[in-house]
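Spelled out from the first residue to the last, the chains are:
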Amino acid sequence: MPSTDSGTELWAAVQRAILGGLLAIVAILGFGWTRQLATGNLLVGSFGLLLFVGAGYWILSLFRMGLDE
C-alpha cells in the first residue's frame, strides 16, 4: 500500500538532489582553488581547501540523510 507521504518524500529527494548538484559545483570550484597551494598562493588555496572539504562533507551528509529516510 502506498504511503500517504510519498509526495513529501519525493519533494525532499528532489531538494537533496538539487542541493547535492550545487554543492558538487562548489566542491569542483574549491578543488580548483586548492591547486593554488602548489603555486604559493596560500590564501586562495586555503579557502579552496575549506570549500572542497566542507562541500564534500555536506554531500556525504545528504547521502546519509537520504539513506535514513
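Read on for a plain summary of the structure. Given the structure is predicted, the values throughout are model-derived calculations rather than measurements.

## With respect to the packing of aromatic side chains
The final tally for this structure, using the stated rule, is two aromatic pairs. Seen from their ring centres, Phe31 and Phe52 are 5.5 Å apart, and the 50° between their planes marks the pair as tilted. Pair noted here: Phe31 is in helix H1 (residues 6-34) and Phe52 is in helix H2 (residues 42-68), with a separation of 21 residues, a long-range link. What makes Phe31 partly exposed here is its relative accessible area of 46%. Taken together, a centroid distance of 5.7 Å and an interplanar angle of 35° make the contact between Trp33 and Phe47 tilted. Of this pair, Trp33 sits in helix H1 while Phe47 sits in helix H2, and the two are 14 residues apart along the sequence. By relative accessible area, Trp33 is classed as partly exposed at 32%. For Phe47, a relative accessible area of 45% corresponds to the partly exposed category.

## Side note on H2
A rise of 1.5 Å per residue sets the reference length of H2, with its 27 residues, at 39 Å; its end C-alpha atoms lie 39 Å apart and thus fit the reference within 8%. Those residues of H2 lying buried are Gly45, Gly48, Ala55, Ile59 and Leu62. Its buried side turned inward, H2 meets H1.

## A closer look at H1
With 29 residues, H1 ought to run about 42 Å at 1.5 Å a step, and its terminal C-alpha atoms sit 41 Å apart, in line with that. By the burial criterion, the buried members of H1 are Ala12, Arg16, Gly20, Leu23, Ala27, Gly30 and Thr34. Along its buried surface, H1 packs onto H2.

## What to know about the nonpolar core
Of all hydrophobic cores here, the largest spans five residues; its members are Leu23, Ala27, Ala55, Ile59 and Leu62. Among the secondary structure elements, those contributing two or more residues to this core are H1 and H2. With three residues, H2 is the single largest residue contributor to this core.

Reading the values: the criteria
Residues numbered from 1 in each chain as written. Predicted model: local features only at pLDDT ≥ 70, side-chain atom pairs only at ≥ 80, totals over all residues. Heavy atoms only, no water. Phe/Tyr/Trp six-rings, centres within 6.5 Å; stacked < 30°, edge-to-face > 60°. Helix = DSSP H or I, 4+ residues; strand = E, 2+ residues; numbered from the N terminus. Buried < 20%, exposed > 50% of the residue type's maximum accessible area, 1.4 Å probe, protein only. Expected span 1.5 Å × (residues − 1). Contact = heavy atoms within 4.5 Å. Core = buried A, V, L, I, M, F, W, Y, C linked by side-chain atoms within 4.5 Å.

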